[in-house]
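Per-entry structural report
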Amino acid sequence: PILAATPREQSELSFISTDKPHALMRAAQTLVTHLAKGRVIDAPALRAAMEGAFGASDAQGAWSWKDAYEVVEAAQVLFLRRYGPAMAARAANDPARLLAMLKKIAALLPSETRRSEEAQALQQFSTPLEFAYVASIAAGIVPGDVVLEPSAGTGMLAIQAERAGARLILNEWGETRADLLKRLFPEAPLSRIDGAQLHDRLDADLVPSVVLMNPPFSASPLIEGRHAAATFEHIRASLARLRNGGRLVAITGENFSPTANSWRRSFERLQEQGRLVFTASLARGFFARHGTSVESRLSVFDKTPAENPKAFIA
């Protein structure tokens, strides 16, 4: 039989629910210690961190495994902020050496095997640690840049931009993720807009010089079921907001390519705003640890209209 919670338990769970972002951050700080010591974050370690922060178990309804995975990602952001400068110094400004260090950190992380309905519906598959670094290198971020992350998630791309000396503009639809972003990046303006409507609804004075984005591949919070045009709509909106001469780096599904007949016209429309300067499919399995087998691609646009929108790079 299911036992009703006592008044004291109800009070405790009420506190937990209203102070959830604080508890998530406490759990993330615990996991930073694990990463700093080179310890693997397995399921028991993650459960212990969550129960320690919330004072209750997932079975009691205090937290979900989706919350736990968000905490793992927040811990990576905090870890990079604390130890990233030392890692960069040790790498002696060699991106390959730093990438190798990040791969070692990634090997300590758990696979996100328990997906929630929200994560599936909104395709909340955050950018893996190493991939976020590669995307930031492709963006060529320099101090003084203003970087927009239109689907900011837990800040996996944003922390790379911060480390490069950029100021941030963040947007995230999901409530829990937005609450985490407020605490992880308190100085960055944060909005909660469907990324496909970003240019029309974002404050007019927020104009980025760089866009780093990992949009949903085929989902929209405003449309039920699969929405195949989601990636194109998100990129088009962010490209419209990007400053002239700026750069947009997008992580997409592997099939989002100008060589695909179904997307060629979309790329022609994008090139009316910004020229495609690079696109390549990535090694298989990049997102496996984050709960999806979908293969991915990295594409780079510079905000200068193409002379011939129907012609693409080799």
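Remember, predicted model here, so these are calculated numbers, not experimental data.

What follows concerns the confidence of the model for the protein chain. Looking at the protein chain as a whole, the pLDDT averages 88, with 83% of positions reaching at least 70. Confidence drops under a pLDDT of 50 for residues 8-18, and excluding neighbours within four residues, the segment shows eight contacts in the predicted structure. Across residues 119-124, where pLDDT falls below 50, the model places 21 contacts with residues more than four positions away in sequence or in other chains.

Turning our eyes to something else, we now look at the packing of aromatic side chains. Applying the stated criterion across every chain, the model contains seven aromatic pairs. Their ring planes at 40 degrees and their centres at 4.9 Å tell us that F79 and Y83 sit as a pair that is tilted. Here the residue F79 and the residue Y83 both occupy positions in helix α4 (residues 65-91), the gap between them amounting to four residues, near one helical turn. Given a relative accessible area of 6%, F79 falls into the buried group. Considering the side-chain rings of F256 and W263, the 4.9 Å spacing of their centres and the 65 degrees angle between planes classify their relative orientation as edge-to-face. Considered together, F256 and W263 belong to a single accessibility category, that of buried residues. Connected via pairs of aromatic rings, a cluster forms that spans F256, W263, F267, F301 and F312. The cationic tip of R81 hangs over the ring face of F185; the distance from NZ or CZ to the ring centre is 5.1 Å.

Looking now at unusual backbone geometry. Negative phi values dominate among residues other than glycine, just as trans dominates among peptide bonds. The backbone of A92 sits at a positive phi, close to 55 degrees, despite the residue not being glycine. Relative to the elements of secondary structure, A92 occurs in the loop between α4 and α5 (95-106). One non-glycine residue, N93, adopts positive backbone phi at about 60 degrees.

So, on to the packing of helix α2 (residues 20-36) against helix α9 (residues 175-184). Where α2 contacts α9, the axes come no closer than 10 Å and their chain directions differ by 65 degrees. For the crossing formed where α2 meets α9, the hand is right-handed. Counting all contacts with α2, which are made through K20, P21, H22, L24 and M25, the residues of α9 involved are T176, D179, L180, R183 and L184. Grouping the constituent residues of the contact of α2 with α9 by class yields five nonpolar, two polar and three charged.

Quick notes on the rules
- Residues numbered from 1 in each chain as written.
- Predicted model: local features only at pLDDT ≥ 70, side-chain atom pairs only at ≥ 80, totals over all residues.
- Heavy atoms only, no water.
- pLDDT = per-residue confidence, 0-100.
- Contact = heavy atoms within 4.5 Å.
- Phe/Tyr/Trp six-rings, centres within 6.5 Å; stacked < 30°, edge-to-face > 60°.
- Helix = DSSP H or I, 4+ residues; strand = E, 2+ residues; numbered from the N terminus.
- Buried < 20%, exposed > 50% of the residue type's maximum accessible area, 1.4 Å probe, protein only.
- Lys NZ or Arg CZ within 6 Å of the ring centre and 35° of its normal.
- Axes fitted to C-alpha atoms, helices over the stretch in contact; angles between N-to-C directions.
- Left-handed = near helix turned anticlockwise from the far one by under 90°.
- Nonpolar A, V, L, I, M, F, W, Y, C, P; charged D, E, K, R; others polar.

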